[in-house]
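# Per-entry structural report
One letter stands for each residue in the lines below.
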Amino acid sequence: MSPFERYGIAHLSPSSCNTFSAAPAAFILQKCMKRSNPVGPAAHRGTSVETGIAHGLQYPHAPVEECISKALEQFNTLCALSIDSRADKERSAIPEMVKTGLVELRPYGIPSSIQGHVSHEVEGLSVPLIGYYDFEWAHKNVLIDLKTSHTVPSKIKLPHARKVSLYKAVRGDHLSARITYCAPKKVATYELENYREHLSALERICLTIQKFLSLSDDPLELASLVVPDVDSFYYADAVTRQEVYQIWGV
Amino acid sequence: MAIGINYESGGSDDIIPIVKYDAKAGRMFRRDRVNGDNEQVDITRSFKAVFDFENLETGHIAFPVGGAPDFALARIGDRAPEKPSADHRQGARILVKLTKDCGGDVRELASTAKAFLRGLDAAHDAYEAGMAANPGKLPVYILKDTVPITSEGGGNKTTNYSPVFELTSWVARPSDLTYIPRAKSAGITASAAAATATTHAGSSTPPATGSSRVSAPVDAEEDFG
């Protein structure tokens, strides 16, 4: 039985690799102990803005207000039972994010695919590395992943570079792989550089996870090897914070 | 130590399990340590491995009967050491990462058999031919075949088998395939070995992610409009 089978992990993703890299305790909590990982309003905001922009790209003549409405509708559904005080702040940012995103991406035309699935075999890894890219314009050889935030970074963030390197590796070297950072007042699209190196880093993280999981079939044993940084946003949710305290005592 | 050569033993950290190519039989074996004894497992048919050709070592090796082998090697591209004794023969050593079907771990493969070196040389040629198109990656080979090579000398006819390694793919360097220059390699002291240990291929600085802003491509017809 492989280390992944032991923990019921059918695949790895850039997201799980980035979690392992940034917060190994959160990875153990989610993947080995199968504890819930409540998604906060910021993540729901990202999903909702993406829905609004995807609608605007698929229907180029759809009014921007209609796209914003689609986004808000999804956000309200996702946060219907949320008591998180940050939901209002995230909701208020959605209209402007959809607007700036459409200004940036509508010039690309109608995407040939949205939310495309990719799967990549890593030599020596017993599970596939999978992911979902946001938009591809195959006829223009462009693939874009959308990120929403309240500020636009001056360059591609490393976890995002690894993620998009996977898409490029699977969809083809010829593609221009890009990331669009969408904020209420600003938007920027950056082209990924050094994708082979970032893919290589992602593969190394995968193999490290495999090696780490192989150390023990007892999740508490694995937990004893790391210490969570409880100030990290990975543990910001109250339930998660409590579980961390019960398991690690910190 | 003025000339930077450590004559001391490299210690137990130097011990890496091996795979052995038997040129007389044309078979590849994995040597495992089981309850204190060596056990040979024939992996000729299942052999598939990542070859660390970036850190191939060449030079001279002695395999004394009943004793530990003695290596006087330099990483490829570095100056080769002098032949230490008449017992040392020209040879090569390389680290390979076996696929899980034939072991799954990192092994050392070393030999002075000309038939083996001939096959390794051909595999290295294939590596060099493909490395530009596969930057930062290492080649994966299978042992496709073994071919007999007959030589005559002193009235005797000897047949050895040369391995035919087929390059089947390129992969990122496995995280556990780490080259650490051994103390017995030429010009390497233990401290230098530790200092120059490399854990992955690529440049010495972290790669940039990308900060060039781009806009939507212009349609061809607009170009001429």
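First, a word on scope: everything that follows refers to the structure included in this document. (Residues numbered from 1 in each chain as written. Chains lettered and ligands numbered in written order. Predicted model: local features only at pLDDT ≥ 70, side-chain atom pairs only at ≥ 80, totals over all residues.)

## Some thoughts on the overall build of chain B
- Each helix and strand counted, chain B has 3 helices and 10 strands in total.
- Counting helices and strands in the order they occur from the N terminus, chain B gives β-β-β-β-β-β-β-β-α-β-β-α-α.
- Relative to its full complement of 225 residues, chain B shows a buried share of 32%.
- Counting only contacts in chain B whose residues sit at least 6 apart along the sequence, the fraction spanning at least 24 positions is 60%. (Helix = DSSP H or I, 4+ residues; strand = E, 2+ residues; numbered from the N terminus. Buried ≥ 20, exposed ≤ 12 C-beta atoms within 10 Å, placed from the backbone. Contact = placed C-beta atoms within 7 Å.)

## Some points on the sheet that holds strand β5 (residues 187–191) of chain A
Residues and elements named next belong to chain A.
- Here 5 strands make up an open sheet; going across it, the order is β1-β2-β3-β4-β5 and the pairing mixed. Edge strands, defined here as strands with exactly one partner in the open sheet, are β1 (113–120) and β5. When the angles between neighbouring strand axes are averaged without regard to direction, this sheet yields 40°.
- The pairing of strand β3 (residues 142–148) with strand β4 (residues 176–182) spans 7 bridges and is classified as parallel. Within the sheet, the bridge partner assigned to threonine 148 lies in β4 and is cysteine 182. (Pairing = 2+ DSSP bridges. Axes fitted to C-alpha atoms, helices over the stretch in contact; angles between N-to-C directions.)

## Observations concerning the pairing of strand β5 (residues 57–62) of chain B
Residues and elements named next belong to chain B.
- With 5 of 6 residues buried, β5 is to be regarded as a mostly interior element.
- Strand direction decides the pairing type here: β5 and strand β6 (residues 70–75), joined by 6 bridges, are antiparallel. By the bridge assignment, isoleucine 61 is partnered in β6 with phenylalanine 71.
- The pairing of β5 with strand β7 (residues 89–98) spans 5 bridges and is classified as antiparallel. The residue bridging histidine 60 from the neighbouring strand is glutamine 90, located in β7.

## Concerning the packing of helix α2 (residues 14–22) of chain A against helix α8 (residues 195–213) of chain A
All names here are of chain A.
- Relative orientation of the contacting elements α2 and α8 amounts to 70°, with a least axis distance of 10 Å. Compared by their axis directions, α2 and α8 come out roughly perpendicular. Crossing angle aside, the handedness with which α2 passes α8 is left-handed. Facing Pro14, Cys17, Phe20 and Ser21 of α2, the residues of α8 in contact are Leu202, Ile205, Cys206 and Ile209.
- Residues belonging to the contact of α2 with α8 are distributed by class as follows: 7 nonpolar, 1 polar and no charged. (Parallel < 35°, antiparallel > 145°, perpendicular 65-115°, else oblique. Left-handed = near helix turned anticlockwise from the far one by under 90°. Nonpolar A, V, L, I, M, F, W, Y, C, P; charged D, E, K, R; others polar.)

## Focus: the interface of chain A and chain B
- Taken together, the 29 residues of chain A in the interface contact 21 residues of chain B.
- Contributions of two or more residues to the side of chain A that touches chain B are made by α7 (158–171), β5 and α8 of chain A.
- In terms of residue class, the side of chain A that touches chain B is made up of 10 nonpolar, 7 polar and 12 charged.

## A look at the nonpolar core
- Of all hydrophobic cores here, the largest spans 65 residues; its most connected members are A:Ile53, A:Ile94, A:Val98 and A:Cys206.
- It is α8(A) that provides the largest number of residues to this core, a total of 9 residues.
- Two domains each put at least three residues into this core: domain 1 (3–37 + 111–248) and domain 2 (41–108) of chain A.
- In this structure A:Ile94 touches A:Arg45, A:Ser48, A:Val49, A:Ile68, A:Ala71, A:Leu72 and A:Phe75, once residues within four positions along its chain are discounted.
- If you look at the next biggest cluster of nonpolar residues, it comprises 38 residues, including B:Ala23, B:Cys102, B:Leu177 and B:Tyr179. (Core = buried A, V, L, I, M, F, W, Y, C linked by C-beta atoms within 7 Å. Domains from an automatic or database assignment.)

## Details of α7(A)
All names here are of chain A.
- Helix length check: α7, at 14 residues, gives a terminal C-alpha distance of 20 Å against a target of 20 Å (1.5 Å per residue), a fit within 8%.
- In terms of residue burial, α7 counts as a mostly covered element, since 11 of its 14 residues are buried.
- Listed in full, the buried residues belonging to α7 are His160, Ala161, Arg162, Lys163, Val164, Ser165, Leu166, Tyr167, Lys168, Ala169 and Val170.
- Positive backbone phi, at 135°, marks glycine 172, one or two positions downstream of α7. (Expected span 1.5 Å × (residues − 1).)

## Observations concerning the packing of α7(A) against α8(A)
Residues and elements named next belong to chain A.
- Axis separation between α7 and α8 bottoms out at 8 Å; the angle between their running directions is 105°. Here α7 is positioned roughly perpendicular relative to α8, judged by the angle of their axes. Where α7 abuts α8, its residues Ala161, Arg162, Ser165, Leu166, Lys168 and Ala169 lie against Tyr195, His198, Leu199, Ala201 and Leu202.
- Considering only residue class, the contact of α7 with α8 consists of 7 nonpolar, 2 polar and 2 charged.

In short, the description is geometric, and any link to function would need to be established separately.
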